[in-house]
Amino acid sequence: MSRSAEHTFSKPTQDAVLLIAGIGVEGDAHRGELVKHRSRVRRDPTQPNLRQVHLIHSELLDELNAAGFRVSAGQLGENITTRGVDLLGLPTGTLLRLGAEAVVEVTGLRNPCAQIDDFQRGMLAAVLDRDEDGNLVRKAGIMSVVLVGGVVRPGDEIRVELPAGPRTALRPV
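Residues numbered from 1 in each chain as written. Predicted model: local features only at pLDDT ≥ 70, side-chain atom pairs only at ≥ 80, totals over all residues. Heavy atoms only, no water.

A. Region of the structure containing the sheet that holds strand 5 (residues 95-98). Sheet architecture is open: six strands sit in the order 4-3-9-6-5-11, paired in mixed fashion. For this open sheet the edge positions go to strand 4 (80-82) and strand 11 (158-161), each flanked by a neighbour on one side alone. With direction set aside, neighbouring strand axes in the sheet form an average angle of 35 degrees. Where helix 2 (residues 58-66) meets the sheet, its contacts fall on strand 3 (53-57) and strand 4, and the angle it forms with strand 3 comes to roughly 55 degrees. (Pairing = 2+ DSSP bridges. Helix = DSSP H or I, 4+ residues; strand = E, 2+ residues; numbered from the N terminus. Axes fitted to C-alpha atoms, helices over the stretch in contact; angles between N-to-C directions. Contact = heavy atoms within 4.5 Å.)

B. Representation of the sheet that holds strand 10 (residues 150-152) in the model. Taken in spatial order, the three strands make up an open sheet running 2-1-10, and their pairing is antiparallel. Unpaired on one side and paired on the other, strand 2 (24-25) and strand 10 mark the two borders of the sheet. Pairing geometry for strand 1 (residues 17-20) and strand 10, over three bridges, is antiparallel. By the bridge assignment, Leu19 is partnered in strand 10 with Gly150.

C. Main features of the pairing of strand 5. Here strand 5 shows a clear split, with Leu96 and Leu98 buried on one side and none of Leu95 and Arg97 buried on the other. Examined bridge by bridge, strand 5 and strand 6 (residues 102-109) share four bridges and lie antiparallel to one another. When the sheet's bridge partners are listed, Leu95 is paired in strand 6 with Glu105. Here strand 5 hands over to strand 6 after three residues, with Gly99 in that stretch at a positive phi of 70 degrees. Here four bridges tie strand 5 to strand 11, and the two strands are oriented antiparallel to one another. Bridge pairing links Leu96 to Val160 in strand 11. (Buried < 20%, exposed > 50% of the residue type's maximum accessible area, 1.4 Å probe, protein only.)

So this is what it looks like as structure tokens:
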């Protein structure tokens, strides 16, 4: 669990975060109904905020550490670090039930940017890959919006509810 009231790349870890419906993580710079990501604000500040909560799978952190980087939870700017959930394989619209109450809806992929290389040189290339068809694979986590608020703590159960009907692969948001 991580948050930062400032637009910092890394976010300090917390004992818990409070998710607020339609807003995001209490006390986080990216909370709000409208877009908060600086480059998106410059383009159109009236866009809905599809990036209220950023989740990264800890297996990515394991992979990066094994490749010689030194990274831990919160350092890539995520709010929630998961384990055992194939975040990148989820379709758009998936619901994630976090802990006893909170529910977020998956909106898309995080599009990693050059700030990752500012954090540790070479890391941007390490969070990008190519699939067997040569398509770009973004591994830097997923974005979501808060549907139902609640407190989320480390170790809380994550329950995945896939959307009904046709499923749409995640795209950057």
